[in-house]
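# Secondary and tertiary structure notes
Spelled out, the chains give:
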Amino acid sequence: MALGDTQEIVTALIAADSPDRIASVQVLKHYDKVVQETFQQFASLPPSLPKMNATVTELDKRFLIEWEKDTARLRQIESFSSRGYNFEGYDLYQLTHPLAPRYTWKKIATYDRVNEITQIVQEDINPQTGRVELQVKQEGKNSGIARYMILSDDALKNEPYINGQQYHFAFTAYAYTSNQAELLRSIESEPQIISVIPHVPNPETVVPYAVSDSLENVGEDFIGENNARIGVKILD
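Quick look at the structure, then. (Residues numbered from 1 in each chain as written. Predicted model: local features only at pLDDT ≥ 70, side-chain atom pairs only at ≥ 80, totals over all residues. Heavy atoms only, no water.)

## Some details on the sheet that holds strand S1 (residues 55–59)
Two orientations exist for strands paired in a sheet by backbone hydrogen bonds: parallel and antiparallel. Spatial ordering of the open sheet is given by S1-S2-S8, a layout of three strands whose pairing is antiparallel. Looking at the sheet topology across the chains shown, the edges are occupied by S1 and strand S8 (148–151). Strand-to-strand twist in this sheet, taken as the mean axis angle between neighbours without regard to direction, amounts to 15°. Of the strand pairs in this sheet, strand S2 (residues 62–66) and S8 are connected by four bridges, and their pairing is antiparallel. The residue of S8 that forms the bridge with Ile65 is Met149. (Pairing = 2+ DSSP bridges. Helix = DSSP H or I, 4+ residues; strand = E, 2+ residues; numbered from the N terminus. Axes fitted to C-alpha atoms, helices over the stretch in contact; angles between N-to-C directions.)

Here it is as C-alpha coordinates:
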(Lines give C-alpha, C1' and ligand atoms only; values in the text may rest on other atoms or scores of the structure.)
Protein backbone atom coordinates (compact mmCIF):
# COMPACT_ATOMS: atom_id res chain seq x y z
CA MET A 1 0.00 0.00 0.00
CA ALA A 2 1.18 3.50 -0.78
CA LEU A 3 1.30 6.25 1.78
CA GLY A 4 -2.22 7.62 2.28
CA ASP A 5 -4.02 4.53 0.88
CA THR A 6 -6.89 3.11 2.92
CA GLN A 7 -8.05 -0.44 3.39
CA GLU A 8 -11.43 -1.55 4.75
CA ILE A 9 -11.18 -4.41 7.23
CA VAL A 10 -14.27 -6.37 8.29
CA THR A 11 -14.15 -8.31 11.56
CA ALA A 12 -16.59 -10.57 13.38
CA LEU A 13 -16.55 -11.67 17.00
CA ILE A 14 -17.83 -15.24 17.34
CA ALA A 15 -18.40 -17.32 20.45
CA ALA A 16 -19.75 -20.85 20.83
CA ASP A 17 -20.74 -22.95 23.82
CA SER A 18 -21.56 -26.67 23.85
CA PRO A 19 -21.49 -29.51 26.40
CA ASP A 20 -17.83 -30.37 25.64
CA ARG A 21 -14.79 -28.67 24.09
CA ILE A 22 -14.86 -30.66 20.82
CA ALA A 23 -18.51 -29.84 20.23
CA SER A 24 -17.79 -26.19 21.03
CA VAL A 25 -15.11 -26.07 18.33
CA GLN A 26 -17.51 -27.70 15.84
CA VAL A 27 -20.19 -25.12 16.61
CA LEU A 28 -17.63 -22.30 16.36
CA LYS A 29 -16.58 -23.49 12.89
CA HIS A 30 -20.23 -23.70 11.88
CA TYR A 31 -20.85 -20.13 13.03
CA ASP A 32 -17.74 -19.06 11.08
CA LYS A 33 -19.21 -20.57 7.89
CA VAL A 34 -22.45 -18.67 8.48
CA VAL A 35 -20.59 -15.39 9.02
CA GLN A 36 -18.41 -15.92 5.92
CA GLU A 37 -21.45 -16.68 3.77
CA THR A 38 -23.30 -13.65 5.12
CA PHE A 39 -20.30 -11.44 4.27
CA GLN A 40 -20.09 -12.89 0.75
CA GLN A 41 -23.76 -12.01 0.32
CA PHE A 42 -22.82 -8.38 1.15
CA ALA A 43 -23.95 -8.77 4.78
CA SER A 44 -27.42 -9.78 3.65
CA LEU A 45 -29.22 -12.39 5.73
CA PRO A 46 -31.23 -15.15 4.03
CA PRO A 47 -34.63 -14.02 2.71
CA SER A 48 -37.68 -14.53 4.89
CA LEU A 49 -41.05 -15.99 3.98
CA PRO A 50 -44.22 -14.14 5.02
CA LYS A 51 -45.77 -15.40 8.26
CA MET A 52 -48.81 -17.66 7.95
CA ASN A 53 -52.27 -16.27 8.69
CA ALA A 54 -54.38 -19.36 9.33
CA THR A 55 -57.74 -19.38 11.11
CA VAL A 56 -59.14 -22.11 13.36
CA THR A 57 -62.66 -23.38 13.94
CA GLU A 58 -63.11 -25.27 17.21
CA LEU A 59 -65.35 -28.31 16.82
CA ASP A 60 -66.50 -31.29 18.88
CA LYS A 61 -63.26 -33.19 19.67
CA ARG A 62 -61.53 -31.77 16.59
CA PHE A 63 -60.40 -28.62 14.81
CA LEU A 64 -60.49 -27.15 11.34
CA ILE A 65 -57.40 -25.14 10.35
CA GLU A 66 -57.57 -23.24 7.07
CA TRP A 67 -55.37 -20.58 5.47
CA GLU A 68 -57.16 -19.60 2.26
CA LYS A 69 -59.29 -16.70 3.53
CA ASP A 70 -56.37 -14.26 3.46
CA THR A 71 -55.89 -14.54 -0.31
CA ALA A 72 -53.32 -11.73 -0.44
CA ARG A 73 -51.07 -13.46 2.10
CA LEU A 74 -51.60 -16.80 0.38
CA ARG A 75 -50.41 -15.37 -2.95
CA GLN A 76 -47.37 -13.80 -1.25
CA ILE A 77 -46.38 -17.14 0.25
CA GLU A 78 -47.06 -19.47 -2.66
CA SER A 79 -45.41 -17.16 -5.20
CA PHE A 80 -42.37 -16.56 -2.96
CA SER A 81 -39.09 -16.50 -4.92
CA SER A 82 -35.99 -14.72 -3.61
CA ARG A 83 -32.24 -15.26 -4.13
CA GLY A 84 -32.78 -18.77 -5.44
CA TYR A 85 -35.23 -19.82 -2.70
CA ASN A 86 -38.70 -20.83 -3.89
CA PHE A 87 -41.82 -21.75 -1.95
CA GLU A 88 -42.07 -25.49 -1.47
CA GLY A 89 -44.69 -26.31 1.17
CA TYR A 90 -46.32 -26.01 4.60
CA ASP A 91 -45.52 -27.61 7.99
CA LEU A 92 -47.80 -28.06 10.99
CA TYR A 93 -46.37 -28.93 14.43
CA GLN A 94 -48.02 -29.80 17.74
CA LEU A 95 -46.51 -28.24 20.87
CA THR A 96 -46.76 -29.01 24.57
CA HIS A 97 -46.87 -25.29 25.32
CA PRO A 98 -46.85 -22.06 23.25
CA LEU A 99 -43.29 -21.35 24.48
CA ALA A 100 -41.99 -24.92 24.13
CA PRO A 101 -38.41 -25.20 22.76
CA ARG A 102 -38.29 -25.76 19.01
CA TYR A 103 -36.58 -29.16 19.29
CA THR A 104 -39.59 -30.51 21.25
CA TRP A 105 -42.13 -29.67 18.52
CA LYS A 106 -43.69 -32.68 16.81
CA LYS A 107 -44.31 -32.31 13.10
CA ILE A 108 -47.74 -33.74 12.31
CA ALA A 109 -48.33 -32.66 8.72
CA THR A 110 -46.42 -31.50 5.64
CA TYR A 111 -48.05 -30.37 2.41
CA ASP A 112 -45.53 -29.90 -0.39
CA ARG A 113 -45.48 -29.31 -4.11
CA VAL A 114 -45.43 -32.30 -6.42
CA ASN A 115 -41.90 -32.23 -7.86
CA GLU A 116 -38.49 -33.89 -7.45
CA ILE A 117 -37.87 -32.12 -4.10
CA THR A 118 -38.68 -34.30 -1.10
CA GLN A 119 -36.07 -34.73 1.65
CA ILE A 120 -34.03 -31.56 2.37
CA VAL A 121 -30.83 -32.06 4.39
CA GLN A 122 -28.44 -29.44 5.78
CA GLU A 123 -25.92 -28.91 8.58
CA ASP A 124 -27.34 -27.58 11.82
CA ILE A 125 -26.71 -27.67 15.56
CA ASN A 126 -28.41 -30.50 17.43
CA PRO A 127 -29.82 -28.74 20.53
CA GLN A 128 -29.77 -31.99 22.52
CA THR A 129 -26.12 -32.92 21.86
CA GLY A 130 -24.71 -29.47 21.08
CA ARG A 131 -22.92 -30.87 18.01
CA VAL A 132 -23.11 -29.85 14.36
CA GLU A 133 -24.80 -32.64 12.40
CA LEU A 134 -26.43 -33.23 9.04
CA GLN A 135 -30.14 -33.04 9.74
CA VAL A 136 -33.29 -33.65 7.73
CA LYS A 137 -34.96 -30.24 7.84
CA GLN A 138 -37.90 -31.08 5.57
CA GLU A 139 -39.42 -34.37 4.49
CA GLY A 140 -41.87 -33.76 1.68
CA LYS A 141 -43.91 -36.60 0.23
CA ASN A 142 -45.22 -34.92 -2.93
CA SER A 143 -48.62 -34.72 -1.24
CA GLY A 144 -49.67 -31.60 -3.14
CA ILE A 145 -50.56 -28.23 -1.64
CA ALA A 146 -53.61 -28.21 0.64
CA ARG A 147 -55.17 -25.14 2.20
CA TYR A 148 -57.12 -26.65 5.06
CA MET A 149 -56.90 -29.64 7.37
CA ILE A 150 -59.17 -31.30 9.94
CA LEU A 151 -57.43 -32.61 13.06
CA SER A 152 -58.99 -35.15 15.40
CA ASP A 153 -56.10 -36.95 17.14
CA ASP A 154 -53.58 -35.70 19.70
CA ALA A 155 -50.20 -36.50 18.13
CA LEU A 156 -48.35 -36.13 21.45
CA LYS A 157 -50.51 -38.56 23.41
CA ASN A 158 -51.81 -40.78 20.58
CA GLU A 159 -55.41 -40.33 21.61
CA PRO A 160 -58.46 -38.35 20.42
CA TYR A 161 -58.69 -34.70 21.40
CA ILE A 162 -60.60 -34.03 24.62
CA ASN A 163 -63.24 -31.31 24.77
CA GLY A 164 -62.33 -28.46 27.12
CA GLN A 165 -58.59 -29.13 26.98
CA GLN A 166 -56.25 -26.63 25.32
CA TYR A 167 -53.92 -27.70 22.50
CA HIS A 168 -51.10 -25.78 20.87
CA PHE A 169 -49.78 -25.77 17.30
CA ALA A 170 -47.18 -23.98 15.17
CA PHE A 171 -47.79 -23.41 11.48
CA THR A 172 -45.09 -22.45 8.96
CA ALA A 173 -44.32 -22.21 5.26
CA TYR A 174 -40.94 -23.27 3.88
CA ALA A 175 -38.83 -22.63 0.78
CA TYR A 176 -35.94 -24.48 -0.85
CA THR A 177 -32.86 -23.62 -2.89
CA SER A 178 -31.08 -26.02 -5.22
CA ASN A 179 -27.83 -24.04 -4.80
CA GLN A 180 -25.52 -26.53 -3.11
CA ALA A 181 -23.20 -23.73 -2.02
CA GLU A 182 -25.87 -22.37 0.34
CA LEU A 183 -25.51 -23.50 3.97
CA LEU A 184 -29.27 -23.12 4.40
CA ARG A 185 -30.91 -25.30 1.77
CA SER A 186 -34.32 -24.67 3.33
CA ILE A 187 -35.73 -21.61 5.08
CA GLU A 188 -38.91 -21.52 7.15
CA SER A 189 -41.25 -18.65 7.96
CA GLU A 190 -41.72 -17.28 11.45
CA PRO A 191 -44.15 -19.74 13.08
CA GLN A 192 -47.76 -18.80 13.67
CA ILE A 193 -48.60 -20.14 17.14
CA ILE A 194 -52.20 -21.36 17.47
CA SER A 195 -53.93 -22.36 20.73
CA VAL A 196 -57.35 -24.01 20.53
CA ILE A 197 -59.92 -25.73 22.77
CA PRO A 198 -62.30 -28.26 21.20
CA HIS A 199 -65.91 -28.15 22.41
CA VAL A 200 -69.47 -29.10 21.53
CA PRO A 201 -71.50 -26.43 19.68
CA ASN A 202 -72.40 -23.40 21.79
CA PRO A 203 -75.97 -23.24 23.22
CA GLU A 204 -78.65 -22.43 20.63
CA THR A 205 -76.23 -23.14 17.80
CA VAL A 206 -77.89 -25.25 15.11
CA VAL A 207 -75.52 -27.31 12.95
CA PRO A 208 -77.55 -28.66 10.01
CA TYR A 209 -74.59 -30.47 8.45
CA ALA A 210 -71.60 -32.34 9.79
CA VAL A 211 -68.03 -31.32 8.92
CA SER A 212 -66.97 -32.92 5.59
CA ASP A 213 -70.58 -33.51 4.49
CA SER A 214 -71.02 -33.03 0.75
CA LEU A 215 -73.90 -31.40 -1.10
CA GLU A 216 -74.09 -32.73 -4.64
CA ASN A 217 -75.55 -31.16 -7.77
CA VAL A 218 -76.00 -27.72 -6.23
CA GLY A 219 -76.12 -26.12 -9.67
CA GLU A 220 -79.06 -28.07 -11.11
CA ASP A 221 -81.50 -25.14 -10.81
CA PHE A 222 -79.28 -22.51 -12.44
CA ILE A 223 -81.08 -20.33 -14.99
CA GLY A 224 -79.70 -20.39 -18.54
CA GLU A 225 -77.80 -22.95 -20.54
CA ASN A 226 -75.09 -24.82 -18.69
CA ASN A 227 -73.83 -28.34 -18.13
CA ALA A 228 -71.95 -27.64 -14.89
CA ARG A 229 -72.35 -29.94 -11.91
CA ILE A 230 -71.27 -28.27 -8.67
CA GLY A 231 -70.46 -30.02 -5.41
CA VAL A 232 -70.06 -28.29 -2.03
CA LYS A 233 -68.10 -29.70 0.92
CA ILE A 234 -69.07 -28.42 4.40
CA LEU A 235 -66.09 -27.27 6.48
CA ASP A 236 -67.46 -24.98 9.20
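## Re the environment of Ile197
Along the chain, Ile197 falls in the loop between strand S13 (192–196) and strand S14 (214–215). A C-alpha to C-alpha distance of 5.7 Å links Ile197 and Gly164, two positions 33 residues apart in sequence. In contact with Ile197, not counting residues within four places along its chain, are Glu58, Phe63, Gly164, Gln165 and Gln166. (Contact = heavy atoms within 4.5 Å.)

## Comments concerning the pattern of salt bridges
Summed over the entire model, instances satisfying the criterion amount to nine salt bridges. A salt bridge links Glu66 to Lys69; its shortest N-O distance comes to 3.8 Å. Asp91 is paired through a salt bridge with Lys107; the nearest N and O atoms lie 3.6 Å apart. Remark: Lys107 occurs in strand S5 (residues 106–112) and Asp91 occurs in strand S4 (residues 85–95); sequence separation between them is 16 residues. Accessibility expressed as a relative area gives 32% for Lys107, which makes it partly exposed. Three or more residues are tied together by salt bridges with common partners; here these are Glu68, Glu78 and Arg147. (Salt bridge = Lys/Arg side-chain N within 4 Å of Asp/Glu carboxyl O. Buried < 20%, exposed > 50% of the residue type's maximum accessible area, 1.4 Å probe, protein only.)

## Observations concerning the side chain of Thr172
As for its position among the elements, Thr172 is in strand S11 (residues 167–176). In this structure the side chain of Thr172 is engaged in a polar contact, spanning 2.6 Å, whose partner is the side chain of Glu188. If near-sequence neighbours (up to four positions away) are discounted, Thr172 is found in contact with Met52, Gly89, Tyr90, Asp91, Tyr93, Glu188, Ser189 and Pro191. (Polar contact = N/O pair within 3.5 Å; in protein donor to acceptor, adjacent residues only side chain to side chain.)

No statement about biological role is implied by the geometric values presented.
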